[in-house]
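Examining the three-dimensional arrangement
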Amino acid sequence: MPHRLLLPLLAALALLPLLPGFPPFWVTLLCYAGLAALVALGLVVLTGVAGLTSFGQAIFVGFGAYASAILTTRHGVSPWAALPAALLAAGVMAALIGALTLRLRGHYLAIATIAWNVSFYYLAANLDLTQRNDGISGIPPLRLGETALTEARAFYPLVLLCLGLALLATRNLLDSRVGRAIRALRGGALAAESFGVDTYRAKLLAFIYAGLLAGLSGWLYAHLQRAVNPSPFSLTMSIDYLLMAVAGGVQHLGGALLGALLVTLLRDQLQSLLPALLGAQGNFESIVFGLALVMLLQGAPQGLWPLLMRPFARWNGPRAAATPPPAAAPLPQRARPAPGTEILRAEDLQKRFGGLVAVNGVGFHLEAGEVVGLIGPNGAGKSTTFNLLTGVLAPTRGAVRFLGTPIAGLPARRIATLGIARSFQHVKLVHGMSVLENVALGAHLRGRAGALRAALRLDRAEEARLLALAWAQIERVGLAAVAHLPADSLALGQQRLVEIARALCLDPVLLLLDEPAAGLRHLEKAALSCLLDRLRAEGMTILLVEHDMDFVMSLTDRLVVMNFGAELAQGRPREIQRNPAVIDAYLGSAA
Ligand code: ADP
Ligand code: MG
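Fair warning: this is a prediction, and the values are worked out from it, not measured in the lab.

Remarks on the coordination of the magnesium ion (ligand 2)
Each protein donor to the magnesium ion (ligand 2) is listed here as S383 (OG) and Q425 (OE1); together their distances run 2.0 to 2.1 Å. With S383 in helix α14 (residues 382–390) and Q425 in the loop between β10 (420–422) and α16 (435–441), the pair connects residues that are 42 residues apart, well separated along the chain.

A few points about the nonpolar core
Grouped together as the largest cluster of nonpolar side chains are 88 residues, with contacts concentrated most on F60, F155, I182, L220, V228, F233 and Y241. Split by domain, this core shows at least three residues from each of two domains, domain 1 (31–312) and domain 3 (430–499). For Y241, the residues in contact, after removing those within four places along its chain, are A36, V39, A40, L43, Q57, A58 and V61. I474, C505, L513 and L520 belong to the second largest nonpolar core, which has 44 residues in total.

Description of a nonpolar patch on the surface
Residues L7, L9, L10, L13, L16 and L19 make up a contiguous nonpolar surface patch of about 540 Å² in total accessible area. Position of L19 relative to the elements: it lies in the loop between α1 (6–15) and α2 (24–49). When its relative accessible area of 47% is taken as the criterion, L19 is described as partly exposed.

Some points on helix α12 (residues 284–299)
With 16 residues, α12 extends 23 Å from end C-alpha to end C-alpha; this agrees with the ideal 22 Å at 1.5 Å per step. For α12, the set of buried residues is E285, F289 and L296. Buried residues of α12, viewed axially, fall in a sector of 40 degrees; they line one side. Exposed and facing more than 90 degrees away from the buried side of α12 are I287, L291, V294, M295 and Q298.

Some points on the sheet that holds β10
Judged by pairing direction, the sheet is mixed, and its six strands sit side by side in the order β10-β11-β12-β7-β13-β14 without closing on themselves. Since the sheet does not close on itself, it has two edges, and those belong to β10 and β14 (566–571), each with one partner. Looking at each pair of strands side by side, their axes are set apart by 20 degrees on average, direction ignored. Pairing of β10 with strand β11 (residues 510–514), which is carried by three bridges, proceeds in the parallel orientation. Its bridge partner lying in β11, R422 is registered against L512. Relative to the sheet, helix α19 (residues 492–505) contacts β10 and β11, its axis offset from that of β11 by approximately 165 degrees.

Points about the packing of aromatic side chains
Applying the stated criterion across every chain yields a total of eight aromatic pairs. Arranged with centres 6.2 Å apart and planes meeting at 65 degrees, the rings of Y32 and Y221 form a pair that is edge-to-face. With Y32 in helix α2 and Y221 in helix α9 (residues 199–225), the pair connects residues that are 189 residues apart, well separated along the chain. When its relative accessible area of 25% is taken as the criterion, Y32 is described as partly exposed. Looking at Y221, the relative accessible area reads 15%, which means it is buried. Between Y221 and F233 the ring centres are 5.9 Å apart and the planes differ by 75 degrees, which places this aromatic pair in the edge-to-face class. Residue Y221 is found in helix α9, and its partner F233 is found in the loop between β4 (227–228) and α10 (235–248); the two are separated by 12 residues along the sequence. Here a set of aromatic residues connected by ring pairs shows up, and it is made of Y32, Y66, Y221 and F233. Over the aromatic face of Y200 sits the side chain of R103, whose NZ or CZ is 3.7 Å from the ring centroid.

Observations regarding the sheet that holds strand β6 (residues 356–367)
Through backbone hydrogen bonds, the strands of a sheet pair up, either in parallel or in antiparallel fashion. The four strands lie next to each other as β6-β5-β8-β9, forming an open sheet whose pairing is antiparallel. Each edge of the sheet is formed by a strand with only one pairing partner; in this case those strands are β6 and β9 (405–406). Judged from the nine bridges that link them, strand β5 (residues 342–353) and β6 form a sheet pairing that is antiparallel. Each residue of the ladder has a partner; that of F353, found in β6, is L356. With respect to the sheet, α14 is in contact with β5, β6 and β8 (397–402), its orientation differing from that of β5 by roughly 120 degrees.

Some thoughts on the pairing of β11
Taking burial as the measure, the five residues of β11 include five buried ones, the bulk of the element. Of the two faces of β11, the one carrying L510, L512 and D514 and the one carrying L511 and L513 are both buried. Two elements, β11 and strand β12 (residues 541–545), share five bridges in a ladder whose sense is parallel. When the sheet's bridge partners are listed, L512 is paired in β12 with L543. For the crossover that starts at β11, traverses helix α20 (residues 522–537) and ends in the parallel β12, the hand is right-handed.

A word on the site of ligand 1
Taken together, the residues surrounding ligand 1 are F353, L356, A358, P377, N378, G379, A380, G381, K382, S383, T384 and Q425. At 2.7 Å from an oxygen atom of ligand 1 is found a main-chain nitrogen or oxygen belonging to G379. Within the backbone of G381, an N or O atom sits 2.9 Å from an oxygen atom of ligand 1. Burial of ligand 1 by the protein chains amounts to 60% of its free accessible area of 570 Å². Mapped onto the shell around ligand 1, the elements with two or more residues apiece are β6 and α14. Considering each element in turn, the shell around ligand 1 owes the most residues, three residues, to α14. Taken together, the residues of the shell around ligand 1 sort by class into five nonpolar, six polar and one charged.

As for the domain arrangement of the protein
Domain parsing of the protein yields domain 1 (31–312), domain 2 (339–419 + 508–591) and domain 3 (430–499). Placing a centre on the C-alpha atoms of domain 1 and another on those of domain 3 gives a separation of 31 Å. Of the roughly 1800 Å² buried where domain 1 meets domain 3, counting both sides, 56% is carbon and sulfur surface. On the surface where domain 1 and domain 3 come into contact, there are four salt bridges. Here E463 makes a salt bridge to R180, at a shortest N to O gap of 2.8 Å. Counting across the interface, domain 1 meets domain 3 through nine residue pairs in polar contact (both at pLDDT 80 or more). No other element matches helix α7 (residues 177–183), which puts five residues into the side of domain 1 that touches domain 3. Among the residues forming the side of domain 1 that touches domain 3, the class breakdown is nine nonpolar, four polar and five charged.

Thresholds, definitions, all that
Along each chain, residues carry numbers from 1 onward, in the same order as the chain's sequence is written. Written order determines the labels here, with chains lettered from A and ligands numbered from 1. Given that this is a predicted model, residues contribute local features only at a pLDDT of at least 70 and side-chain atom pairs are listed and counted only at 80 or more, while totals for whole chains, interfaces and linings are drawn from all residues. Remark: hydrogens and water are excluded; side-chain values derive from all non-hydrogen atoms of the structure. Here the term donor refers to an N, O or S atom within 2.8 Å of the metal (or 3.2 Å for Na, K and Ca), and because water is left out of the atoms, sites may appear incomplete. Think of it this way: any DSSP run of H or I at least four residues long counts as a helix, any run of E at least two long counts as a strand, and we number them from the N terminus. Nine residue types can take part in a nonpolar core, namely buried Ala, Val, Leu, Ile, Met, Phe, Trp, Tyr and Cys, and a core is a set of them joined through side-chain atoms within 4.5 Å. Each residue is placed in one exposure class: buried if its accessible area under a 1.4 Å probe, protein chains only, is under 20% of its type's maximum, exposed if it is over 50%, and partly exposed if it falls in between. All domain edges in this entry derive from an automatic or database-based domain assignment. Contacts were defined at the residue level, with two residues in contact if any of their heavy atoms lie within 4.5 Å. Patch membership requires over 30% relative accessible area and the absence of a salt bridge. Like charges are linked within 9 Å, and nonpolar side chains (Val, Leu, Ile, Met, Phe, Trp, Tyr) within 5 Å. Computed with a 1.4 Å probe, the accessible areas rest on the Shrake-Rupley method; for each residue, only the protein chains presented here act as cover. In the sections that follow, a salt bridge refers to a side-chain nitrogen of Lys or Arg positioned within 4 Å of a carboxyl oxygen of Asp or Glu. To estimate the expected span of a helix, subtract one from its residue number and multiply by 1.5 Å. This arc describes the spread of directions from the helix axis toward the C-beta atoms. What makes two strands pair is DSSP finding at least two bridges between them. Every axis in this analysis is a line fitted to C-alpha atoms, fitted for helices over the stretch in contact. Angles between the N-to-C directions lie between 0 and 180 degrees. Only centres within 6.5 Å qualify two rings of Phe, Tyr or Trp (six-membered ring in Trp) as a pair; their planes then separate them into stacked at under 30 degrees, edge-to-face at over 60, and tilted for everything else. Lysine NZ or arginine CZ positioned within 6 Å of the ring centre and within 35 degrees of the ring normal marks a charge as sitting over the ring. A right-handed crossover is one whose linking path, passing over the helix from the first strand to the second, runs clockwise when the strands point away from the viewer. Residues are counted as near a molecule or strand when any one of their heavy atoms sits within 4 Å of it. Polar contact is defined as a pair of N or O atoms within 3.5 Å, subject to the rule that within protein one atom must be able to donate a hydrogen and the other to accept it, and that residues adjacent in sequence are counted only when both atoms are side-chain atoms. Throughout, the ten residues Ala, Val, Leu, Ile, Met, Phe, Trp, Tyr, Cys and Pro are labelled nonpolar, Asp, Glu, Lys and Arg are labelled charged, and all others, Gly among them, are labelled polar. Take the accessible area each of two parts loses on contact, using a 1.4 Å probe, and add the two losses: that sum is the buried area.

Written out as structure tokens, the structure reads:
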């Protein structure tokens, strides 16, 4: 069955419960599954895509639900008018909690969200505003004209509509400039920062987005249940949401739907079945769920959705060949400094790692249009020097000026805005993202569209220009044939070319390439050499770390040689080749 039949099929299944004979009890269950799916969808963005684990999503469901409950019961606000307030409450709380928590990493973040959820629960259970453990009852139903949406059957279409819109918005968000930044958070944060992405903001954005979806779910809950009390917003529920997302497939939008559906339906069935089977009362379903999850994660660590989709992939046959994105108006370009003007000067750069001085008093300058090689034995401090120039590391001592601006110690994303782009010796591409998308991440600073424009699909004109730019750079490095493959499926040499294409998207004044020819075959090296020559002709300044001496000597105008962190020599390639100290330390007598 081809992929394009999948969506109509799912839509038809989702509409089945509206048929007259469908048992009302099941429609009610499906409503609750839909509400849970909204929260799980947020977790796909937050945990599956951005790699941030939250055990606190029930907080934001709670804020959405309580905000609407309080406004409608106490202030006479209509339930529809309370929706923006519910979203605002959840969104603002997510922003606050996120701002206070997201600097934490890994387990600490997860533990902090647990603490927040426990506090929220006790707060809701003890405040007069939320009417303590009794909760708020008598919440008015949603109305459409004269009809009140009190029956599950009447409510269900609204759940479907919200879920459909949320799916669409999430798809749009992830498939955009901001979406690439969010997708780069898991594993590619350093590279993203080097191309101007504020990764802290991207994290906060993912957190707020997930909070908003949870808030929407809470608003629906308040008017479906028509009563709220603290228990559905406890830590247990947050764990359940995460369980749904993980079981369904936390990296897939469909996984959120599948997980929410399965866990909601199974829990209900087991709750009545297990006590009958075992002849005793108790929450046995929790034990069964725990065991099921462990087994599932052993057998299908990516969740059930990819398993379910496997037959579709088979029917689809091999992936279509790469096609260029539609042509678009070119983006404005940076002014280039006149050839020969000094663009960068590094003075007395030093970097200590504890007792090790990796870079020790290095100084050099670069002129516009030059190709300069930075060479030296392994461990000489070349990559560290790159990191100091690009803001990945702050120097212990020393100064760097780029186009007149002091840049030593600035964050990488600030330096990127000034026009320095780089590749990494240890390739840093975002796994699971295509070559085209990885390269487009380099164009981050050349677009403006934010999350809202992306979610509403109002960013298409700009996105087309970014993708056309990325495609042009991919063609330039000779990878057009593989542009639609996952970047991590390429050979290492080709991944280095992807990094160069990504760097070119920034429209840099200065390009820093760390061992770009390592892993390339002979012909690929020749092609790379041609490319760098062409870039030089276009006025690009290039600083190059490379061990292939034929490659370096034929390409560079000047060389800076490092050894044990210190500067050993500087000069033209011919002079360096004859320099006894350099021959001794690095080139060997063969040179
Ligand atoms: P090169 O690129 O010239 O091979 P590097 O700049 O990568 O050399 O490394 C220079 C020295 O600094 C090496 O001894 C390396 O082990 C050390 N080094 C590099 N990065 C770090 C780090 N983040 N922490 C500690 N030591 C480091
Ligand atoms: Mg290195």
